[in-house]
Amino acid sequence: MPPFNPQDISRLIRHRRSIFPLQYSGEIIKKEIIDEILENANWAPTHKLSEPWRFTVFSGAGREKLGDFMSELYKEVTLKKGFFNENKFEMLRHKPLLASHVISIGMKRDEKERLPEIEEVESVACAVQNMCLTATAHGVGCYWGSGGVTYFEEAKSFFGFGPKDKLLGFMFLGYPKIKWPEGKRNPIAEKVTWVIG
């Protein structure tokens, strides 16, 4: 196994930030970087090797198709339920165009249901962390958003999902036009209990 520098790994993890589409420069990310982001996602931990993560990549005019789908579905569902918001409708239509690429994030349920659903959701979250760290290593800003139509049952079929699968949000990617943000965390000691026997 090749040696890794623990300090570099720690620095990468602590450097990861959510950088939002309004903060992107408009520069297009090379396909090789997107491919690496997806390949590293594929190496996430997975119980029983179910590999439940599923991604759809929207780039170029595909971002417009995504924006049209999300805004129109949002309008259709919320008009029926009485909470349609015109500003949110416009935001959903326009937001994908601010990113170089948008990747939908989904969980394909193990057909035999050999493990609890939550474990497959957790595997997808691990895959997303791999994506975020890879993007950070390339100086690419990213943001995992789970608003809009993410939890609408009606959205699933657009991404090829069945009733037992889950749409878990969207990864927006772009080069930042801002200085890389500083991070902040409360001390780990506040969140850990040691049991020493």
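## Details of the sheet that holds strand S1 (residues 53-59)
(1) Moving on: One open sheet accounts for 4 strands, arranged S1-S2-S4-S3; its pairing is antiparallel. A strand with exactly one partner marks an edge of an open sheet, and here the two such strands are S1 and strand S3 (141-145). Within this sheet the neighbouring strands show an average axis-to-axis angle of 20°, counted without direction.
(2) Moving on: Where helix H2 (residues 31-41) meets the sheet, its contacts fall on S1, strand S2 (101-107) and strand S4 (166-174), and the angle it forms with S1 comes to roughly 170°.

## What about the nonpolar core?
(1) Moving on: By size, the foremost hydrophobic cluster in this structure holds 23 residues, and its most contacted members are Phe159 and Phe170.
(2) Moving on: Mapped onto this core, the elements with two or more residues apiece are helix H3 (62-81), helix H4 (86-94) and S4.
(3) Moving on: Here this core takes 6 residues from H3, the largest share from any one element.
(4) Moving on: Once you skip the residues sitting within four places of it in the chain, phenylalanine 170 turns out to touch Leu66, Met70, Val102, Ile103, Ser104, Ile105, Tyr143, Trp144, Gly145, Thr150 and Phe159.

## Quick word on the pairing of S2
(1) Moving on: Summarising burial for S2: 7 of the 7 residues are buried, a large majority.
(2) Moving on: Here S2 shows a buried face lined by His101, Ile103, Ile105 and Met107 and a second buried face lined by Val102, Ser104 and Gly106.
(3) Moving on: Of the pairings in the sheet, the one linking S1 to S2 comprises 7 bridges and is antiparallel in character. The residue of S2 that forms the bridge with phenylalanine 58 is valine 102.
(4) Moving on: With 7 bridges connecting them, S2 and S4 associate as antiparallel partners. Across the sheet, serine 104 pairs through a bridge with phenylalanine 170, a residue of S4.

## Digging into the packing of helix H1 (residues 6-15) against helix H5 (residues 117-137)
(1) Moving on: Close contact between H1 and H5 brings their axes to 9 Å; oriented N to C, the two are set at 100°. On the basis of their axis angle, the class for H1 and H5 is roughly perpendicular. Residues Leu12, Ile13 and His15 of H1 pack against Leu133, Thr136 and Ala137 of H5.

Parameters and conventions
Residues numbered from 1 in each chain as written. Predicted model: local features only at pLDDT ≥ 70, side-chain atom pairs only at ≥ 80, totals over all residues. Heavy atoms only, no water. Pairing = 2+ DSSP bridges. Helix = DSSP H or I, 4+ residues; strand = E, 2+ residues; numbered from the N terminus. Axes fitted to C-alpha atoms, helices over the stretch in contact; angles between N-to-C directions. Contact = heavy atoms within 4.5 Å. Core = buried A, V, L, I, M, F, W, Y, C linked by side-chain atoms within 4.5 Å. Buried < 20%, exposed > 50% of the residue type's maximum accessible area, 1.4 Å probe, protein only. Parallel < 35°, antiparallel > 145°, perpendicular 65-115°, else oblique.

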